[in-house]
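# Commentary on secondary and tertiary structure
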Amino acid sequence: MKTCPYAKKCGGCDYQGISYSKQLAMKQEYTEKLLKEFCPVHPITGMEDPYHYRNKVHAVFNRTRDGQIISGMYEENSHRVVPVDDCQIENEKADAIIRDIRDMLRSFKITVYNERSGQGLLRHALIRTASFTGQILVVLVVTSPIFPSKNNFVKALRKKHPEITSVVLNLNDKYTSMVLGKRDIVLYGPGYIEDQICGKTFRISAQSFYQINPLQAEKLYNKAIELAGLTGKERVIDAYCGTGTIGLAASDNAGEIIGVELNPEAVKDAVRNTKSNQVRNARFYCADAGEFMEQMAADGETADVVIMDPPRSGSTEQFMDSLGKLGPSRIVYVSCNPETQRRDIQYLQKLGYKAVEVWPYDFFGFTSHVECVVLMLRKNT
Ligand code: SAH
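We now turn to the structure provided with this report. Predicted model only: the values in this text are computed from it and were never measured. (Residues numbered from 1 in each chain as written. Predicted model: local features only at pLDDT ≥ 70, side-chain atom pairs only at ≥ 80, totals over all residues. Heavy atoms only, no water.)

### Some points on the site of the ligand
Definition in use: If even one non-hydrogen atom of a residue comes within 4 Å of a molecule or strand, that residue is called near it. Distance and chemistry together define a polar contact, namely a pair of N or O atoms within 3.5 Å, with one atom able to donate a hydrogen and the other to accept it when in protein, and with adjacent residues in sequence counting only for side-chain atoms on both sides. As defined here, a cavity is a set of points on a 1 Å grid over the protein atoms alone where a 1.4 Å probe fits but cannot get out. A pocket is an open set with protein on both sides within 12 Å along at least five of seven lines, and residues line them when an atom is within 4 Å of a point. Molecules are considered to sit inside a cavity or pocket once more than half of their atoms lie within 2 Å of its grid points. Each residue gets one label: Ala, Val, Leu, Ile, Met, Phe, Trp, Tyr, Cys and Pro are nonpolar, Asp, Glu, Lys and Arg are charged, and the others, such as Gly, are polar.
Near the ligand, the surroundings consist of 16 residues, among which Y221, E261, D288, A289 and D309 are the closest. Between a nitrogen atom of the ligand and a side-chain N or O atom of D288, the distance comes to 2.8 Å. Within the backbone of A289, a nitrogen or oxygen atom sits 2.8 Å from a nitrogen atom of the ligand. In this structure, the ligand is accommodated by the largest pocket. Across the shell around the ligand, the residue classes break down as nine nonpolar, four polar and three charged.

Following this line, the structure appears as structure tokens:
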């Protein structure tokens with residue numbers, strides 16, 4: 001097992017120092033403790049390689065007292081920067097790009113931002129990589145759009161890393177702990193990269209939401225679609241749909257997909273992804289999922305299958321009560337938090353649904369996170 005020299009200071013990996021097989025056993029046990037009383041829990045699907053899985057890497061820059069430029073991450077619960085050259089869960093190419101950016105700064109006379117004084121140009125670098133297409137997006141988060149010899153900088157960086165397909169300046173001149181500001185200025189390439197999940201292409205820009213570990217996400221989505229039991233005719237609601245990944249992946253096997261998501265930027269991406277994949281049977285709405293479902297139920301609409309993937313806080317009674325009224329024969333409940341999932345399963349059982357099987361997945365090795373898909377069936381079907 002690789003040991004991490006930064007673990008003590010960084011604190012990002014709570015399963016540090018534990019073998020991967022033991023980590024999976026711990027996640028299995030945790031899932032069973034919460035969900036086994038409802039139905040069988042299948043063995044967790046782990047990663048083939050638990051290292052370097054994060055496709056999105058964020059580095060913060062700083063200067064030490066003796067003037068050296070460092071890059072790394074914030075120490076846990078603080079704004080002190082821990083210098084990190086090579087993180088065991090981050091994409092290795094992304095880390096190499098960050099090291100080279102850091103080493104190029106001095107010769108290009110690019111200053112790094114100092115949180116205390118508010119002086120300096122470069123705050124962060126965000127590298128997004130696409131595992132399927134190999135494309136890489138570099139986002140340089142800066143306090144001013146005036147970046148010294150930007151064309152030469154991009155040229156020099158691409159010489160070292162020709163796999164970089166786009167470079168963007170993101171302007172963040174606010175005193176804030178948010179990494180990204182609102183404005184993007186494209187320096188090179190289209191300003192985004194594309195990746196594939198389940199045979200569909202997704203556009204990833206600086207701001208867009210995308211799975212951190214798409215290899216595992218794809219496995220989970222395939223399982224969710226299998227559990228949905230689609231024959232090509234069903235009306236499927238993809239609730240809490242983000243950029244529409246699950247719904248679009250399911251669209252070839254369904255009659256109709258209706259997606260609902262609160263974040264307007266994610267909905268825009270979902271609509272764009274629908275068009276670019278020439279999917280004609282999917283529609284996406286920007287709304288609170290609970291209100292949307294309540295309205296559908298009030299309008300006398302029905303649905304055959306509801307796939308739901310709520311945030312960590314879980315779903316709401318408003319959502320689930322409306323689900324009971326819409327009466328889908330199947331609910332496929334995807335969750336990143338089995339504790340709230342347990343609470344919601346208990347509620348749905350009262351509304352006439354029964355949990356049938358649980359499939360846990362590991363997306364985030366060296367952390368305690370676990371993702372689960374649970375199939376629930378309406379009792380009288
Ligand atoms: N299914 C997507 C995203 C799941 S993450 C995927 O697999 O990629 C959960 C999503 O729920 C986020 O995109 C978040 O913006 C959205 N969300 C949070 N609260 C919501 C609400 N009340 N109504 C609708 N969507 C909500």
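### A short note on the packing of aromatic side chains
We describe a pair of aromatic rings using the distance from one ring centre to the other and the angle between the two ring planes. Put simply, the test is: To pair, rings of Phe, Tyr and Trp, with the six-membered ring standing in for Trp, must have centres within 6.5 Å; the planes then decide the type, stacked if under 30 degrees apart, edge-to-face if over 60, and tilted in the middle. Only DSSP runs of H or I with at least four residues qualify as helices, and only runs of E with at least two residues qualify as strands; both kinds are numbered from the N terminus onward. Exposed residues in this analysis have more than 50% of their type's maximum accessible area, buried residues have under 20%, and partly exposed residues fall in between, with area computed by a 1.4 Å probe over protein chains only. The rule for a charge over a ring is simple: NZ of Lys or CZ of Arg within 6 Å of the ring centre, and within 35 degrees of the ring normal.
With the rule as written, the count across this model stands at seven aromatic pairs. Relative to F153, the ring of F108 lies with its centre 5.2 Å away and its plane at 85°, an arrangement referred to as edge-to-face. Taken together, the residues span a long stretch of sequence, with F108 in the loop between helix 3 (92–105) and strand 4 (122–129) and F153 in helix 4 (residues 150–160) at a distance of 45 residues. Taking the relative accessible area as the measure of exposure, F153 reaches 1% and is therefore buried. One Lys or Arg, R203, reaches over the ring of Y192 and ends 3.7 Å from the middle of that ring. K223 extends its terminal NZ or CZ atom over the ring of W359, reaching a point 3.6 Å from the ring centre.

### Comments concerning the layout of surface pockets
Rules: Grid points are joined across faces, edges and corners, and a volume is the space filled by probe spheres set on the points.
Of the voids in this model, the largest pocket is the one considered here, and its volume is about 1300 Å³. Lining the largest pocket are 46 residues, with F209, Y210, G242, E261 and A266 sitting closest to its centre. Taken together, the elements giving at least two residues each to the lining of the largest pocket come down to strand 9 (200–205), helix 5 (214–227), helix 6 (245–250), strand 11 (256–261), helix 7 (264–276), helix 8 (289–298) and strand 14 (330–335). The element best represented in the lining of the largest pocket is helix 7, accounting for five residues. Class assignment for the residues of the lining of the largest pocket results in 20 nonpolar, twelve polar and 14 charged. The calculated volume of the second largest pocket comes to roughly 720 Å³. In terms of lining residues, the second largest pocket is bounded by 26 residues, among which N62, H79, R80, V81 and R116 are the most central. Residue assignment for the lining of the second largest pocket shows that the elements contributing at least two residues are strand 1 (56–63), strand 2 (69–74), strand 3 (81–83) and strand 4.

### Brief notes about the nonpolar core
One recurring pattern in soluble globular proteins is that nonpolar side chains are buried together. Using the following cut-off: What is meant by a nonpolar core is a set of buried Ala, Val, Leu, Ile, Met, Phe, Trp, Tyr and Cys residues, joined one to another through side-chain atoms within 4.5 Å. Contacts are residue-level and defined by heavy atoms, with any inter-residue pair within 4.5 Å sufficient.
Judged by nonpolar contacts, the single largest core of 95 residues is most densely connected at L35, I237, M308, F319 and V332. In this structure L35 touches V41, P338, Q341, R342, I345, V358, C372 and V374, once residues within four positions along its chain are discounted. Grouped together as the second largest cluster of nonpolar side chains are 30 residues, M104, V154, L157 and L171 included.

### Quick look at the state of the cysteines
The line we're drawing: Cysteine sulfur pairs qualify as disulfides if the two atoms are within 2.5 Å.
In this structure the tally under the stated criterion is zero disulfides. In this structure C39 is not part of a disulfide, and its nearest cysteine sulfur, from C372, lies 9.9 Å away. Since its relative accessible area comes to 7%, C39 is described here as buried. There is no disulfide at C198, and the cysteine sulfur nearest it, in C241, is 15 Å away.

### With respect to empty space enclosed by the protein
Applying the stated rule across the entire model yields two cavities of 30 Å³ or more. In this structure, the largest cavity is lined by V57, H58, A59, S71, G72, M73, V84, D85, D86, E90, D95 and I98. Considering only residue class, the lining of the largest cavity consists of five nonpolar, three polar and four charged. In this structure, the second largest cavity encloses a volume near 30 Å³. N55, K56, R128, T129, I193, I204 and Y210 are the residues that line the second largest cavity. When its residues are assigned to classes, the lining of the second largest cavity shows three nonpolar, two polar and two charged.

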